[in-house]
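Structural overview for review
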Amino acid sequence: MNTQVANTIEEYRKVSPSKPQHERPVQVTMLLLPGFSMLATSGFCETLATANRILGRAQFSWLMASEDGAPVHSSCGMAIPTKPMAERVSGQATLILSGAGPQNSDASASFWIRSALHRFVRHGGRIGALGEAIEFLTMAGCTQNRTIAVHWRYRAGFTEKYPDQDLCQRPFVVDERVMSAVGATSGIDLALCLIEEQCGEDIVRVCADELCYAAQQRLQRLTESTHPALSHLGHDKLRKTIAEMEKCIDDPPSIEYFADLLSLSQRQLERLFARYLDTSPKRYFDNMRLERAHELLLQTDMRLSEIAIATGFGSNSLLSKHFRRRFNATPQALRQGNAKPATERVTRA
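Okay, so let's go over this structure. This is a predicted model, so every value here is computed, not measured.

**Points about the overall build of the protein**
Looking only at helices and strands, one finds 15 helices and eleven strands in the protein. Taken over 349 residues, the protein has a buried fraction of 49%. By sequence separation, contacts in the protein at least 24 residues apart represent 66% of the contacts at least 6 residues apart. For the protein, the computed accessible surface area is about 17700 Å², with 49% contributed by carbon and sulfur atoms.

Next up, the structure:
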């Protein structure tokens, strides 16, 4: 730890009754929903605990809450004790939702959650979400005219449901009122953002080092404009080609179009895909369109004809033909639950 950082920590450890607003203790309520991610939630709390330990005082505090105060089961089956959600909300409070999305909640639960969100917003509280819980914020109108983070696997369905919602490629977004983060490390990312707001970059740097998370932060900054599922690809032009393919799924151009866009010959582009992905650009693009159809079938109630148009196949018969060849099941069988869902992006032919 260098001298400057050590001095910064020492300053924050000096408790003064006249501390400015941004240095006052931060109170966070974690509203746990069934199916919440234990990894993301514990990462959030552990990161705040690390900051408290470094600062030598309880700058951050948190409370696990639910509607009725009963234990809530995580996605891995572990149950966490909670306290009932408070009716009174402080203007300085922060509410973070952690759990599965509305599709896994009954109507009464969804209504109660939206009521809690409105109550927090009305009293000047700050709100956020980990993972799929971001949809509750969108349903409640809390993310209107704001940019949010949505997991790449659910972006297609999310865009169809909320076409006016602005989504970003980064795994987390934080502004003055709304926060969102996705992925296994979403809790750490969100907590570090809160710590930086309160304590500055030097304290965040120390926290990241304590958590052995500094390398992950650097990787996120380098690939923040890249589709998260493609951040492992080391070739910039390959990433740009695939990003452009994502934009053209509903109106697929020829492979020559992508080559011209990056000032490559079609043969050069084919060699690039063969070397890094062991497939051809056309097969990769076709698979991408079929995966989008797969996502829309599971995440939306769009008709098959609408999905065929949204993925550039144009007709039910053509989509069904390619879909069966790719997934060994018809679109109808998948939607009815008679086919096993795909669990990963396929890049090989």
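**A word on the nonpolar core**
Met 30, Phe 44, Ile 96 and Ile 195 are the most contacted members of the largest nonpolar core, which totals 36 residues. If sequence neighbours within four positions are ignored, Ile 195 has contacts with Thr 47, Leu 48, Ala 51, Phe 60, Gly 200, Ile 203, Val 204 and Cys 207. The next biggest cluster of nonpolar side chains, apart from the first, holds 25 residues, and it includes Ala 65, Phe 136, Phe 158 and Leu 167.

**Points about unusual backbone geometry**
Here the phi dihedral of Asn 145 falls at roughly 65 degrees; this positive angle occurs in a residue that is not glycine. Within the fold, Asn 145 resides in the loop between α4 (134–139) and β8 (147–149). Overall, Asn 145 belongs to the exposed group, its relative accessible area being 78%. For Ser 263, which is not glycine, the phi torsion reads 60 degrees and is therefore positive. Considering the arrangement of structural elements, one finds Ser 263 in the loop between α10 (255–261) and α11 (266–277).

**Focus on the packing of helix α2 (residues 38–55) against helix α6 (residues 186–199)**
Where α2 meets α6, the axes come as close as 6 Å, and the angle between the chain directions of the two elements is 30 degrees. Judged by the inter-axis angle, α2 sits roughly parallel to α6. Handedness of the crossing formed by α2 with α6: right-handed. Between α2, through Ala 40, Gly 43, Phe 44, Thr 47, Leu 48, Ala 51 and Leu 55, and α6, the contact on the second element is made entirely by Ser 186, Gly 187, Ile 188, Leu 190, Ala 191, Leu 192, Leu 194, Ile 195 and Cys 199. The class makeup of the residues in the contact of α2 with α6 is twelve nonpolar, four polar and no charged.

**Re the packing of aromatic side chains**
Summed over the entire model, instances satisfying the criterion amount to five aromatic pairs. Where Tyr 257 meets Phe 258, the ring centres are 5.3 Å apart and the plane angle is 75 degrees; that geometry is what we call edge-to-face. Within the aromatic cluster, the residues linked to one another by ring pairs are Tyr 257, Phe 258 and Phe 285. For the cation-ring pair, Arg 170 lies above Phe 172, with the distance from its terminal atom to the ring centre recorded as 4.6 Å.

**Quick notes on the pairing of strand β7 (residues 126–130)**
With five of five residues buried, β7 lies mostly within the body of the structure. By the bridge criterion, five bridges tie strand β6 (residues 94–98) to β7 in an arrangement that is parallel. Looking at β7, one finds that Leu 97 is bridged to Ala 129. Traced from β6 through helix α3 (residues 107–122) to β7, the parallel crossover comes out right-handed. Here β7 pairs with strand β11 (residues 178–181) via four bridges, running parallel. Bridge pairing in β11 places Ile 127 opposite Val 178.

**Notes on the environment of Phe 120**
Within the secondary structure, Phe 120 sits in helix α3. Judged by relative accessible area, Phe 120 falls into the buried class, the value being 3%. In sequence terms Phe 120 and Leu 95 are 25 residues apart; their C-alpha atoms lie 7.5 Å from each other.

**Here we look at helix α12 (residues 281–299)**
When the terminal C-alpha atoms of α12 are compared, their 27 Å separation across 19 residues agrees well with the 27 Å that a helix rising 1.5 Å per residue should span. Counting buried positions over the 19 residues of α12 gives 14, a clear majority of the element.

**As for α2**
For α2, spanning 18 residues, the distance from its first C-alpha to its last is 26 Å, which sits close to the expected 26 Å at 1.5 Å a residue. Most of α2 is tucked away, with 13 of its 18 residues classed as buried. Once α2 ends, the next one or two residues include Gly 56, with phi positive near 80 degrees.

**Details of the side chain of Thr 41**
If you trace the backbone, Thr 41 turns up in helix α2. Since its relative accessible area comes to 3%, Thr 41 is described here as buried. In this view, Thr 41 contacts Met 30, Leu 32, Phe 36, Met 64, Ser 98 and Leu 130; residues no more than four positions away in its chain are not counted.

**Regarding the sheet that holds strand β2 (residues 60–66)**
Consider a sheet: its strands pair through backbone hydrogen bonds, and that pairing is either parallel or antiparallel. Reading across from one edge, β5-β2-β1-β6-β7-β11-β10 is the order of the seven strands in this open sheet, with mixed pairing throughout. Strand pairing shows two members of the sheet lacking a second neighbour, β5 (83–84) and β10 (172–174), which therefore form its edges. With three bridges joining them, β10 and β11 adopt antiparallel strand pairing. Bridge assignment links Val 173 to a residue of β11, and that residue is Ser 180. The sheet strands contacting α2 are β1 (26–32), β2, β6 and β7, and the helix crosses β2 at an angle near 155 degrees. Packed on one face of the sheet, α6 meets β1, β2, β6, β7, β10 and β11 and runs near 155 degrees to β7.

Rules behind the numbers
Each chain has its residues counted from 1, running along the sequence as written. Residues qualify for local features only when their pLDDT is at least 70, as the model is predicted, and side-chain atom pairs are given and counted only at 80 or more; totals for whole chains, interfaces and linings, by contrast, use all residues. By convention in this description, side-chain values take in all heavy atoms of the structure and omit both hydrogens and water. Counting from the N terminus, the helices are the DSSP runs of H or I reaching at least four residues and the strands are the DSSP runs of E reaching at least two. For each residue, the accessible area found with a 1.4 Å probe, counting protein chains only, is set against the maximum for its type, and the residue is called buried under 20%, exposed over 50%, and partly exposed in between. Contacts: residue pairs with any heavy atoms within 4.5 Å of one another. Residue exposure ignores everything except the shown protein chains as possible cover, and the areas themselves are Shrake-Rupley values with a 1.4 Å probe. Throughout, nonpolar core names a set of buried Ala, Val, Leu, Ile, Met, Phe, Trp, Tyr and Cys residues whose side chains join them through atoms within 4.5 Å. A fitted line through C-alpha atoms represents every axis, and for helices the fit uses only the stretch in contact; the resulting angles, taken between N-to-C directions, go from 0 to 180 degrees. The scheme is simple: roughly parallel for angles under 35 degrees, roughly antiparallel for over 145, roughly perpendicular for 65 to 115, oblique for anything else. Helix crossings are classified by the rotation of the near helix relative to the far one: an anticlockwise turn of less than a right angle makes the crossing left-handed, while a clockwise turn makes it right-handed. Charged residues are taken to be Asp, Glu, Lys and Arg, nonpolar residues to be Ala, Val, Leu, Ile, Met, Phe, Trp, Tyr, Cys and Pro, and polar residues to be all remaining types, Gly included. Stacked, edge-to-face and tilted labels apply to pairs of Phe, Tyr and Trp rings (six-membered ring for Trp) whose centres lie within 6.5 Å, assigned for plane angles under 30 degrees, over 60, and everything in between, in that order. Counting as a charge over the ring demands two things of the Lys NZ or Arg CZ atom: a distance within 6 Å of the ring centre and an angle within 35 degrees of the ring normal. Pairing between strands requires that DSSP locate at least two bridges from one strand to the other. Viewed with both strands pointing away, a crossover whose connecting path from the first strand over the helix to the second turns clockwise is right-handed. To estimate how far a helix should reach, multiply one less than its number of residues by 1.5 Å.

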